[in-house]
Structure formats: structure tokens, C-alpha cells
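Structural overview
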Amino acid sequence: MAFVIQDDLQKSDTGFVRRKEMEIACSCWFTARGKMQPLMFKYQDDQGEVHTIKEITVHSSEDKNFMGAAQVEFNVSINCQGIEIKTQLIFYKKSCRWTMVLGKG
């Protein structure tokens with residue numbers, strides 16, 4: 001039985017994470033069927049100022065497994081000071097924390 005679990009982990013594991021991420025505080029809700037939906041988030045810039053992003057369009061979401069760490073990756077568009085930016089929001093299931101991917105890495 002341990003072989004089956006290990007085999008499943010190897011198939012579902014998508015490898016090393018090579019991207020720069022910023023910690024965010026995210027408000028989300030869950031549908032009646034348990035689907036997670038980010039509603040808004042806050043982040044702190046390099047000068048210590050807290051910014052709030054309320055306009056989030058979710059294009060897709062996918063359950064992933066990086067090196068055994070389960071996460072949900074959301075491909076989103078956000079409106080940041082009138083500019084539309086495509087990025088990813090990542091929810092790490094084990095630690096219950098959110099990050100936003102910065103740039104392409």
C-alpha cells in the first residue's frame with residue numbers, strides 16, 4: 001500500500017518551484033460544493049504601505065503538488081491602480097497561507 005501512495009505522489013508532483021512570491025492576506029469564500037474563490041487580498045509594498053486589491057477575475061484554478069506540498073494555484077487578472085495585471089495566487093493547504101507570484105520566473 002505504501003507503494004501506491006508513493007507512486008501517486010510521483011505522478012502528481014510537478015517539481016521544483018522557481019518563481020518569486022509575495023506573501024498576501026486573502027479573503028476567500030467557498031461554494032456549497034467546496035470550491036474556493038478568492039474575493040480580495042492585501043499586500044505590503046517595500047515602503048511598508050498596505051494595498052488592497054478588490055477586483056479579481058479568476059480565469060482558472062488547479063490543485064498542484066510541489067515536492068509533496070499540496071496547493072491550489074489560481075490564474076487571475078487583477079486591477080491594480082487602473083492597470084490590469086495577469087498573475088497567480090497560490091494557496092498552500094498545509095500552512096494555510098497565500099502568496100502572489102511576482103513577474104515570470
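The structure this text deals with has already been given above.
Residues numbered from 1 in each chain as written. Predicted model: local features only at pLDDT ≥ 70, side-chain atom pairs only at ≥ 80, totals over all residues. Heavy atoms only, no water.

Below, the discussion takes up the overall build of the protein. The number of helices and strands found in the protein is one helix and seven strands. Tracing the protein from N to C terminus, the helices and strands come up as α-β-β-β-β-β-β-β. Contacts in the protein between residues at least 24 apart in sequence constitute 35% of all its contacts with a sequence separation of at least 6. On the protein, roughly 7500 Å² of surface is accessible, and the fraction owed to carbon and sulfur atoms is 53%. (Helix = DSSP H or I, 4+ residues; strand = E, 2+ residues; numbered from the N terminus. Contact = heavy atoms within 4.5 Å. Areas by Shrake-Rupley, 256 points an atom, 1.4 Å probe, with all protein chains shown as cover.)

You can see H59 is positioned in strand β4 (residues 56-66). You can call H59 partly exposed: its relative accessible area is 49%. Taking the C-alpha atoms as reference, H59 lies 9.6 Å from K86; in sequence the two are 27 residues apart. Residue contacts for H59: discarding those within four places in its chain leaves N75, V76 and S77. Polar side-chain contacts of H59 include one of 2.5 Å to the side chain of S77. (Buried < 20%, exposed > 50% of the residue type's maximum accessible area, 1.4 Å probe, protein only. Polar contact = N/O pair within 3.5 Å; in protein donor to acceptor, adjacent residues only side chain to side chain.)

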